[in-house]
Structures are given as structure tokens and as C-alpha cells.
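# Reading the structure
The lines below spell out each chain.
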Amino acid sequence: IVNGVAAAMAVGEMARDEVKKFVSDRARVGLDIRFTADRPVLGNWDRTRLSQVISCLLTNAAIYGQGRPIEISVTAYRGRARLKVRDWGMGISKEDQERIFSPFERGVPSDSFGGIGLGLFIGRQVAEAHQGTLKVESSLKEGSLFVVDLPRDLPIASAVSRTLAKSA
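The rules we used
Residues numbered from 1 in each chain as written. Predicted model: local features only at pLDDT ≥ 70, side-chain atom pairs only at ≥ 80, totals over all residues. Heavy atoms only, no water. Pairing = 2+ DSSP bridges. Helix = DSSP H or I, 4+ residues; strand = E, 2+ residues; numbered from the N terminus. Axes fitted to C-alpha atoms, helices over the stretch in contact; angles between N-to-C directions. Expected span 1.5 Å × (residues − 1). Buried < 20%, exposed > 50% of the residue type's maximum accessible area, 1.4 Å probe, protein only. Polar contact = N/O pair within 3.5 Å; in protein donor to acceptor, adjacent residues only side chain to side chain.

### What to know about the sheet that holds strand β2 (residues 33-37)
Pairing between sheet strands relies on hydrogen bonds along the backbone, with the strands arranged either parallel or antiparallel. On the basis of which strands lie adjacent, the open sheet formed by five strands has the order β2-β4-β5-β7-β6 and mixed pairing. Both outer strands of the open sheet, β2 and β6 (133-138), are each paired with one neighbouring strand and no more. Direction aside, the axes of adjacent strands within the sheet are offset by 15 degrees on average. In this sheet, strand β5 (residues 80-87) lies alongside strand β4 (residues 70-77) in antiparallel orientation, the contact comprising seven bridges.

What follows is the structure in C-alpha cells.
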């Protein structure tokens, strides 16, 4: 949202930019990130907030993926944009899968990995402010798949900023 107005953008290009920044900022040259986007998927979203979500998902995949490849895909599906981030690492137990979206919650002991447990909470808040969802599918020792599903045509774009401002 630029000056209170949603900016039309291609989520695939935004994700590709975040991957490039992620790799260069963190000197993760050896990290295998596989990116696919079937075609430009345009929508009206807050670029800054969605970039934050993508960055969080990439960071988590790198931390918990145990050095295995990370797959990112962007597709259009029934008038919606779908961003998927998959790692093949330690996975998340069924009982922890909803809890990890709460503030300051983590799926592993805090002394094992960095972070304070806000990334997924904020990511879900951003997705919901865009009238979308952020969900996880995971099994222990088989990795995790995070799916961000967003409407491509947000009817009241400035509502995203208002919603996020209220939750801050």
C-alpha cells in the first residue's frame, strides 16, 4: 500500500526479489532454493508486509530445513494467489502446528534456535489483514509446507493498513 492505496504487483516477482535478497544478505550461497512461478500473478497487496512474510518463511525454512533444499512456488488458483514455501527438515508435530502461530510460541525449545517466536504470528496477521490465510502442513522428520493464500482483488485495500495498525 502506497500512501494508503494498494499497489498492483506480481507476487512471483516479489518472492523472487526476496529470495535474491535473502541469499545475498545472509551469505547463504550454498543454500539450494528452488523457485517456480507459472505466470505473473497480479494482485493488490501491501508489498512491505508481504515481503516480511516471505522473508520470515524463508528464514524459518533455512533454520529448520537442516540444509536441505527449499522450494518456493507461486501460482494462481481460483482468483487467488498461492505462495508455498517447503523445506525438508525436522518438521512440526501435529500438536504444535496451530500453536506456532501464537505470539512468542515456537515448535522447538528456544535455546535450540534463535528468534523470539513472532514471525509466524505476524505472518498470519498480515495474511488475514489481506483477507487471506497462512497455514502449515507438516510431519516430524519430513519437513514443512507453509501456504499463503491471498485474494487477488482486495476490495478495500486501505483496510489492510487499518487492520494491522489496530493489532500493533
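### Things to note about helix α2 (residues 47-64)
Taking 1.5 Å as the rise per residue, α2 with 18 residues should run 26 Å; its terminal C-alpha atoms sit 26 Å apart, in good agreement. In terms of burial, α2 is a largely internal element, 13 of the 18 residues being buried. Sitting at the amino-terminal end of α2 is D46, which places a side-chain oxygen 3.1 Å from the backbone nitrogen of T48.

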